[in-house]
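If you want the building blocks of each chain, they are given just below.
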Amino acid sequence: MTQRARIDADGPEPGGPTIDAGSELDPVHPMKLPRSAIAVPATGLTTAEVAERVARGEVNDVPVRSSRSTTEIVRANVFTRFNAIIGVLWAIMLLVAPIQDSLFGFVIIANTGIGIIQELRAKKTLDGLAVIGEARPTVRRDGEAAEISTSEIVLGDLVELGPGDKVVVDGEVAEADNMEIDESLLTGEADPVIKHPGDPVMSGSFVVAGGGAFTATKVGREAYAAQLAEEASRFTLVHSELRSGISTILKYVTWMMVPTSIGLIISQLVVKNNNFKDSVARTVGGIVPMIPEGLVLLTSVAFAIGVIRLGRKQCLVQELPAIEGLARVDVVCLDKTGTLTEGGMDVSELRPLDGADETYIRKVLGALGESDPRPNASLQAIIDAYPDSEEWRCTESLPFSSARKYSGAAFSEGDGDNSTWLLGAPDVLLPAADPTLGEIGQLNEQGLRVLLLARAAGDLDAADVAAEARPTALVVLEQRLRPDASDTLAYFADQNVSAKVISGDNAVSVSAVAGKLGLPGAANTVDARRLPAEQTRMAEALDANAVFGRVTPQQKRDMVGALQSRGHTVAMTGDGVNDVLALKDADIGVSMGSGSEATKAVAQIVLLDNSFATLPSVVAEGRRVIGNITRVATLFLTKTVYSVLLAVLVVCSQVEYPFLPRHLTLLSTLTIGIPAFFLALAPNKERAQPNFVRRVMRYAIPAGAIAAAATFATYLLARHYYSGPGALDAETSAATLTLFLVSMWVLAIIARPYTLWRVCLVAAMGVAFLIVLVVPWLQNFFALKLVGTTMPWGAVAIAAAGAGLLEVAWRWVDRSCAGVRPTTNSPKNLG
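Since the model is a prediction, treat every value here as computed from it, not as a measurement.

Caption draft 1: Expanded view of the overall build of the protein chain. On a plain count of helices and strands, the protein chain comes out with 28 helices and 21 strands. The burial tally for the protein chain puts 57% of its 831 residues in the buried class. When the accessible surface of the protein chain is split by element, carbon and sulfur atoms take 58% of a total near 32800 Å².

Caption draft 2: Highlighting the nonpolar core. Core analysis: the largest hydrophobic core is formed by 124 residues, its most contacted members being Leu519, Ile605, Phe612, Phe769 and Trp810. In this structure, Phe206, Cys333, Leu563 and Ala582 belong to the second largest nonpolar core, which totals 25 residues.

Caption draft 3: Local environment of the packing of helix H25 (residues 727–750) against helix H28 (residues 790–816). Running from N to C, H25 and H28 point in directions that differ by 30°, and their axes come no closer than 8 Å. On the basis of their axis angle, the class for H25 and H28 is roughly parallel. At the point where H25 passes H28, the crossing takes the right-handed sense. Facing H25, whose interface residues are Ala734, Leu737, Thr738, Leu741, Val742, Trp745, Val746, Ile749 and Ile750, H28 presents Met791, Pro792, Ala795, Val796, Ile798, Ala799, Ala803, Leu806, Glu807 and Trp810. Classifying every residue of the contact of H25 with H28 gives 17 nonpolar, one polar and one charged.

Caption draft 4: Highlighting the side chain of Thr738. Note on placement: Thr738 falls in helix H25. Taking relative accessible area as the criterion, Thr738 reaches 0% and is therefore assigned buried. A polar contact is formed between the side chain of Thr738 and the backbone oxygen of Ala795, at a distance of 3.1 Å.

Caption draft 5: Quick look at unusual backbone geometry. The omega angle of the peptide bond from Arg752 to Pro753 is -5°, so this bond is cis rather than trans. The topology assignment puts Pro753 in the loop between H25 and helix H26 (756–774). Of note, the phi angle at Asp142 is positive, near 55°, even though the residue is not glycine. The residue Asp142 is located in the loop between strand S1 (138–141) and strand S2 (144–147) in this model.

Caption draft 6: Focus on the environment of Phe677. Here Phe677 lies in helix H23 (residues 661–680). On the basis of relative accessibility, which here comes to 34%, the residue Phe677 falls in the partly exposed class. In this structure, the C-alpha to C-alpha distance between Phe677 and Gly294, residues 383 residues apart in sequence, is 9.9 Å.

Caption draft 7: Quick peek at helix H19 (residues 553–565). The end-to-end C-alpha distance of H19, which contains 13 residues, comes to 19 Å, matching closely the 18 Å that a straight helix rising 1.5 Å per residue would cover. Among the residues making up H19, those that are buried are Pro553, Gln555, Lys556, Arg557, Met559, Val560, Ala562 and Leu563. Considering only its buried residues, H19 is in contact with strand S9 (331–334), strand S16 (498–502), helix H18 (535–544), strand S18 (547–549), strand S19 (570–574) and helix H20 (580–585). Residue Gly567 follows H19 closely and has a positive phi angle near 85°.

Caption draft 8: Broad picture of the packing of aromatic side chains. For the structure shown, the criterion picks out 12 aromatic pairs. Ring geometry for Tyr360 and Trp392: centres 5.8 Å apart, planes at 50°, overall tilted. In this pair, Tyr360 sits in helix H12 (residues 358–371) while Trp392 sits in the loop between helix H13 (377–385) and strand S11 (393–398), placing the two residues 32 residues apart along the sequence. Tyr360 sits in the partly exposed class, given a relative accessible area of 24%. A ring pair is formed by Tyr657 and Phe659, whose centres lie 6.1 Å apart and whose planes are at 75°; its orientation type is edge-to-face. Of the two residues, Tyr657 and Phe659, neither departs from the other in class, the shared state being buried. Grouping aromatic residues by their ring pairs yields a cluster made of Tyr360, Trp392, Phe411 and Trp421.

Here is what the cut-offs are and how they apply
The residue numbers shown here count from 1 along each chain, following its written sequence. Local features are withheld for residues below a pLDDT of 70 in this predicted model, meaning they are given only at 70 or higher, and side-chain atom pairs are given and counted only at 80 or more; totals for whole chains, interfaces and linings count all residues. Remark: hydrogens and water are excluded; side-chain values derive from all non-hydrogen atoms of the structure. Numbered from the N terminus, helices here are DSSP runs of H or I no shorter than four residues, and strands are runs of E no shorter than two. The classification of residues rests on relative accessible area computed with a 1.4 Å probe and restricted to protein chains. Under 20% of the type maximum is buried, over 50% is exposed, and intermediate values are partly exposed. Only the protein chains shown count as cover for residues, and all accessible areas are computed by the Shrake-Rupley method using a 1.4 Å probe. Only buried residues count toward a nonpolar core. Its members are Ala, Val, Leu, Ile, Met, Phe, Trp, Tyr and Cys residues joined through side-chain atoms within 4.5 Å. To obtain an axis, a line is fitted to C-alpha atoms, over the contacting stretch when the element is a helix, and the angle between two such axes runs from 0 to 180 degrees between their N-to-C directions. An angle below 35 degrees is treated as roughly parallel, one above 145 as roughly antiparallel, one from 65 to 115 as roughly perpendicular, and anything else as oblique. Crossing chirality is assigned from the near helix's rotation relative to the far helix, an anticlockwise turn below a right angle marking it left-handed and a clockwise turn marking it right-handed. Any two residues having at least one pair of non-hydrogen atoms within 4.5 Å are treated as being in contact. Classification convention: Asp, Glu, Lys, Arg as charged; Ala, Val, Leu, Ile, Met, Phe, Trp, Tyr, Cys, Pro as nonpolar; all other residues, Gly among them, as polar. Polar contact is defined as a pair of N or O atoms within 3.5 Å, subject to the rule that within protein one atom must be able to donate a hydrogen and the other to accept it, and that residues adjacent in sequence are counted only when both atoms are side-chain atoms. Here a helix's expected span is defined as the number of its residues, less one, multiplied by 1.5 Å. To pair, rings of Phe, Tyr and Trp, with the six-membered ring standing in for Trp, must have centres within 6.5 Å; the planes then decide the type, stacked if under 30 degrees apart, edge-to-face if over 60, and tilted in the middle.

Below, the structure written as structure tokens:
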């Protein structure tokens, strides 16, 4: 008989308290159940009682938000500081200048629209995936257990719990069978708490051992789960180096822009006695390009597209920066069970010890299997192999605990005899000198998993129950290797990402599995019980070895911390409750979709299809997003630098600003906007590097300075060359040609290494500018017309000199950063 069958069969205690439908509500807190009205029958609520509670609104109907609302998305993309600045400037230009000088405003509308559309698409994908990955607790109603949606739980529901289950609403324990609950997500205390009937349970905690049931006392927004669910699954743009770096850049740009803009306004409107509208147009033309507004939008779009791409591969990204984090990972810690191996196991052999009767052992194993209502993979294999004996009755059970490493049960055998049995890790249940361990070691070396069946002499709840246990049989289990695990490990090795297998199983067995999968360093196996506790020495052992067995949950957490102490960016994968502590502390936590609710709650990434082979796609997507944003950021910031410097040079020289907004809109579109969009979506496999701001600015500053110097030199030379009516237009055209050519050279450097599509992209931008110069109506529209041949060729010559300086400057920056890995923007390594 199973324990669950006994529980279900029990009715409410005679005379036991029940919930009175008309009196259980607290008038002050209508969604809370008062202490005096906690108890419900063991059969749970009736259908009629559930309907009454739903009618009164006593239901856990807090929507699980996997993304920002549509209103929030629109507001976040439209109402930004830089959109406000540009909006004001656009309104001014619409009043004082032709429509072609207001094109920059339409570009902002287009970019903002793209951002909104992409985020809405990402929202739709995430909302759908979140439903797939949503927890479905087991609730007992009318005496029957059934899985329901979290949002269907009502006040007073009896919710069943087993190992790995998350407590989804607040409540009070009604039944407990050696139930241990981890409340570390709430209190930070890692040690599990043993719960007894009457004890409170908080949503956000989870069961690590045993089982039972609790009565829901807080639902809806009263429950802590409502807050936790929103924080765990929201479409968030939380802290990341990339976003904080961009914010830092924009802050400095703002500081530079304000005084420069004031100086430019005074110079153009006061010092120079020009046409008022023309002066306003040129002033705005100097201010607008200082703002790298497209960089923020492009970053959001790149992240959103990344989430959509991963969503199509059944990968739920619960926090956007997880994409960036995986791109920076250099160590991935893998749990063997559920990650390298499939969840299922098969019993391959049963070896009786000391002449034990195999028929009797089979009855013991069958009874043990039926004693646990929520068997793990090992016990499920035993259940499949050995049917339960109807005569045996379980009188007491001890669920498996990863910290204890064994389970047990006491039985009445039907003939009047009673017995107590333990099933678990042989090296825990046997003394160190036992000769049976040698036999087990040989099996472990073949990659087989071995459990020891032992007969206990004392009571299950005795602290030393395992000490006097008599070995009776070895149960040999064969694990199913994931067919995609070998290729995935090879991918990580090829990408210079170290893989560490960290498992609670026997070290030799884990090493055998890792060896079958071709893990580099699989022979370097360590029994974690011999690992030094001191962090520095532990980190040295972790760097030197690849496979670790007999790792406790706390050790997994310590090992992650030790790796991080040596500067590693650590990803941790797992699916069991013993992985939760490590998943929480790792830089990136990755959970399997079939894993426990606890692991899915703390992981940033959930592989809904349980495919370990999805991880390379996640890493590749992160590297593509981060590497390409770093690449195109140089384009945007080069424009900012040369715009600020040109404004400063104009103010100091007391000359007219050379450009109208239409000129810089054209240049920005051809040398930044269109190319950046395509480059941001290109493949990029290089691991992301730290110090984003420093790496981008060390290229953008010299590039912007050279572009500004070359452009201003052409402008001054043209001012001396041209005279008379129309001179300013000719000067502007010559300066525009130089700035375009230098900017194109920056684009050409960033587009390296060249592929056919990148060459075509750069060439297409050049052809587009040439078309503007030769088509009459485009000449008039953009006010660009080269006069004569001497000055235009002079502009080309100055641009060529600037391009040469760019090559020298960027190579000098590479040499000055000797010892630092080249960045994605380096001419040496732009792939």
